[in-house]
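The primary structure of each chain is shown beneath.
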Amino acid sequence: MTKTISLTLKIWRQNGPGEKGRLETYPADDISTDMSFLEMLDVINEKLTLSGQNPIAFDHDCREGICGMCGAVVNGRAHGPEKGTTLCQLHMRHFKDGDTIVIEPWRARTFPVIKDLVVDRGAFDTIIQAGGFISVNTGGTPDANAIPVAHQAAEKAMDAAACIGCGACVAACPNASAMLFLGAKISHLGLLPQGRPEAARRALNMLQAMDHLGFGNCTNERECEAECPKEISIVNIARLNREFFKAAFFSDQT
Amino acid sequence: MALDAKIPAGPLAEKWDRHRFELKMVNPANKRKYEVIVIGTGLAGGSAAASLAELGYNVKAFCIQDSPRRAHSIAAQGGINAAKNYPNDGDSIWRLFYDTVKGGDFRSREANVYRLAQVSNHIIDQCVAQGIPFAREYGGLLANRSFGGAQVSRTFYARGQTGQQLLLGAYSALSRQVAAGKVKLFVRRELLDVVIINGQARGIVVRDLISGALERYDAHAVVLCTGGYGNVFFLSTNAMTSNATAIYRAYKKGAFLANPCFTQIHPTCIPVHGTYQSKLTLMSESLRNDGRVWVPKKAGDKRAPGQIPESERDYFLEEKYPSFGNLVPRDVASRNAKEQCDQGKGVGETGLAVYLDFADAIKRDGKDVIENKYGNLFQMYEKITDENPYEAPMRIYPAVHYTMGGLWVDYNLMSTVDGLFVLGEANFSDHGANRLGASALMQGLADGYFVLPYTIGGYLAGAELPKISTDHPAFELSQQNVQSRISQLLSINGNRTVDDIQRHLGLIMWEYCGMSRNNEGLAKARVKVQQLREEFWKNARVPGSGTDFNQSLENAGRVADFLEFAELMIIDALARQESCGGHFNEAFQTEGHEARRDDKNFCHVAAWEYAGDGQDPRLHKEPLVFENVELSQRSYK
Ligand SMILES: Cc1cc2nc3c(=O)[nH]c(=O)nc-3n(C[C@H](O)[C@H](O)[C@H](O)COP(=O)(O)OP(=O)(O)OC[C@H]3O[C@@H](n4cnc5c(N)ncnc54)[C@H](O)[C@@H]3O)c2cc1C
Ligand code: SF4
Ligand code: FES
């Protein structure tokens, strides 16, 4: 049933990279419980605009939980309180009348704030560029059915490939590690026969890139898994570690 | 100017091969001397940029989002077609070609569509080699399903996330070329003008969305892969930044815009539920394979669906179209849903919805099977509506989804401006007046992986391309124009938010230029759009400054363009005095309320040329010649 609630929002405002930010308080009245979290922010922004203030900057695009563009820490939880849900798919029916909601950007050294809730996640692209691919050029590939892939392997690869690159895992991790993101990509490609030839090199290169960029290490806190909107399992980190050890032992590159 | 589609001579099946042979080629060692700008990193842009770089060209790739991986293609759910005929159910290149031409209601080019069907199989090979985790049978081979309007199973899919997986494939290929130094990536950039020198597209002006700075880039060719313009309706299934700006700016620089009124309304979306709503969510039409569409037989029946007995349900698609049933093409399904609701048989709070019911499928196959096929879609539905579709039928309603119109391109995918190529949803080619399900992904990747890499070589090898730099006066002028428009937007300082105006525009377009149109309404809409545009420039409020991260300003620029583009759509709709595919003019229908084409007078592409602000655009017609298929009244009975 649709109803309306009133809330108090405490939102991180920061004018630009390197500038000082602060939490500002905004009332949010008559919010329909059918609204998404971002639609609620739209409503606030309309009001701010009309009253001559600057609207709150936040990233978003698909608004259906797939592009990975949105994300904020809501009451201390990346993407808010609902399990397996991106911020854009979080609906206001999960909040109660009178609630206070604190909204902050991802906090990680590797994701500097651009403005308000918007951060720079370019480091994720850099990690993928280091090896998150199978080296095939366009054309000249064999018939698609020439390489059978066990149903189970394809399913597991798909589980890992569902990562949307949102960065919540990094924001949730006390060490700001990107291991879940990495593990997901390395598992996705490594579980498929097409991805095996480069598996060792891929793991080494991507891990190296992650370290260089300044992400922290994994100490098995499991916060990433708990907050991941696509419920990527930390089994993927174990696979990544296996891949890495194999690579470190058997590879001729160091 | 006569439009020359440059369709190669010879029998249909040999045209592409022959053309590839006849195209001039750039010597492999010379490719690195060429710079190509690719705008957009969706399936079309991502695949094009990666493939061009692999060939040796130097590519600069631009996108609005913070990463190429977030282009709107990521949201495609259902699947991608190819004529592999793996299930041995009678598919062939010819059948895919024929279905696409027929599905498009005979308003596309035979030669283009045939080529699309031909290269479709290579796409699947390519994607598998890249590691796309397509669904598999237990024997390890690829699984297929049938999809929107096809009687064969030719759709490949990766759960309900096919677009995501295909895009991540293209993104990985692109990333590999970034690492190799062949692609320079420019994220959070918005194209605001195309720069033309000596009649050739030689560069762009973009805004750095973080710093607000305007930047100039030059190249030997410019490739637009900027997606569709569905957000002219405000509410659509498109991502929030999807825009018409890129193609509209190119139009103003001389590229013709073709068939802008051809828009697709998708039958299975989650219905609108409030005025604050920011976008609509698609429920993949793969659901129509197992879901049955129905409404109560009696108008105004407000009982819960479970309390309406079989005998009082109207499975209107199955009844009316016994051979295609729930799988009729999108335009047909959408119009029929609207018709039922117009008769007062719509369901849900607003009465603007029909049921999509899985009870029979769950009974037949078991909940596990259904969950395996559609789990994430069901979950998404529940998240949004708070209702469990395993227990109660979904409520769905049509929503704007795809735009068949776009910049006019010839067989080489080049627009009417030399050196300006257009790929993917941004061009008009291949889908005619209606697109079949799972064929946009196919087209985007066909254009990017397998067409442009050849045809751009033909252009570059044959064109005289004098040396220029971004200091050229054309760049200067272009940047000045962009700058003055931004200043103008920021100085209006009115009382209405841009969102509010865009919402208003959307309502006008949905009402008068949506699922069904008539001349009177279109004429009215044209005036309303003009008035709204006037109001925008007088009364919009665009806060903030132009020299930092300012999402309000970004959107204001897009809405300003939509306000002009919308009028062009209406003009096009008025000019096409027939019904075909997604363009349904009420004056032209059969007795069974199907679109009635007028092949004698309208078997053409309508390509519009910009004639100056305040001037009516000039219409150019490209006649469509059908040598291989017979034009027939589409029938899905
Ligand atoms: C919800 C949904 C589901 C769909 N499901 C299917 C399906 O199952 N099967 C199917 O075949 N099709 C499907 N489609 C259609 C299909 O997804 C799209 O038509 C296709 O992905 C478009 O790809 P594209 O590369 O042309 O453009 P997009 O993916 O839209 O990419 C556009 C790119 O251009 C950039 N860009 C745009 N404007 C500018 C600018 N001014 N400056 C700089 N950059 C710019 C963007 O940043 C982006 O990178 C679906 C569409 C939607 C909305
Ligand atoms: S692993 Fe999960 S949390 Fe991390 S980027 Fe991927 S989807 Fe986001
Ligand atoms: S806006 Fe795309 S995942 Fe939230």
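Remember, it's a predicted structure, so these values are computed and weren't measured experimentally.

(A) Quick look at the overall build of chain B. Scanning chain B from N- to C-terminus turns up 16 helices and 21 strands. Computed over the C-alpha atoms, the radius of gyration of chain B is 24 Å, within 12% of the 26 Å expected from 2.2 N^0.38 for a compact globule of 637 residues. Projected onto its principal axes, the C-alpha coordinates of chain B cover approximately 75 × 60 × 50 Å. Intrachain contacts of chain B at a sequence separation of at least 6 include 74% that bridge at least 24 residues. A total accessible area of about 21,000 Å² is found for chain B, and carbon and sulfur atoms account for 49% of it. In chain B, the 72 positive side-chain charges and the 72 negative ones have mean positions that sit 3 Å from each other.

(B) Local environment of the interface of chain B and chain A. The interface is formed by 78 residues belonging to chain B together with 73 residues belonging to chain A. Buried area between chain B and chain A, summed over both chains or domains, comes out near 6,300 Å², and the portion from carbon and sulfur atoms is 50%. Considering only the side of chain B, the residues that lose the most area to chain A are Arg70, Tyr276 and Lys383 of chain B, jointly responsible for 11% of the buried surface there. Viewed at the interface, chain A and chain B are joined by 8 salt bridges. Looking at the side of chain B that touches chain A, the elements that each hand over two or more residues are α2 (43-55), α4 (110-130), α5 (162-179), α10 (367-385), α11 (440-462), β18 (496-497), α13 (498-512) and α15 (551-575) of chain B. When residues of the side of chain B that touches chain A are assigned to their parent elements, the largest contribution, 10 residues, is made by α5 of chain B. For the side of chain B that touches chain A, the class distribution of residues is 30 nonpolar, 28 polar and 20 charged.

(C) Expanded view of the pairing of strand β15 (residues 394-403) of chain B. Residues and elements named next belong to chain B. Of all 10 residues in β15, 9 are buried, a share of seventy percent or more. Of the strand pairs in this sheet, strand β11 (residues 263-269) and β15 are connected by 5 bridges, and their pairing is antiparallel. In the sheet register, Gln264 faces β15, and the bridge partner there is Tyr402. As judged from the 3 bridges shared by strand β14 (residues 354-357) and β15, these two strands associate in the antiparallel manner. Across the sheet, the residue bridging to Val354 is Ile396, located in β15.

(D) Representation of the sheet that holds β11 of chain B within the structure. Taken together, the 5 strands give an open sheet; going across it, the order is β11-β15-β14-β12-β13 (chain B), and neighbouring strands pair in antiparallel fashion. Either end of the sheet is taken by a strand with one partner, and the two such strands are β11 and β13 (313-314) of chain B.

What counts and how
Residues numbered from 1 in each chain as written. Chains lettered and ligands numbered in written order. Predicted model: local features only at pLDDT ≥ 70, side-chain atom pairs only at ≥ 80, totals over all residues. Heavy atoms only, no water. Helix = DSSP H or I, 4+ residues; strand = E, 2+ residues; numbered from the N terminus. Rg over C-alpha atoms; globule rule 2.2 N^0.38 Å. Contact = heavy atoms within 4.5 Å. Areas by Shrake-Rupley, 256 points an atom, 1.4 Å probe, with all protein chains shown as cover. Lys, Arg positive; Asp, Glu negative; His and termini not counted. Charge placed at Lys NZ, Arg CZ, Asp CG, Glu CD. Buried area = accessible area lost by both parts, 1.4 Å probe. Salt bridge = Lys/Arg side-chain N within 4 Å of Asp/Glu carboxyl O. Nonpolar A, V, L, I, M, F, W, Y, C, P; charged D, E, K, R; others polar. Buried < 20%, exposed > 50% of the residue type's maximum accessible area, 1.4 Å probe, protein only. Pairing = 2+ DSSP bridges.

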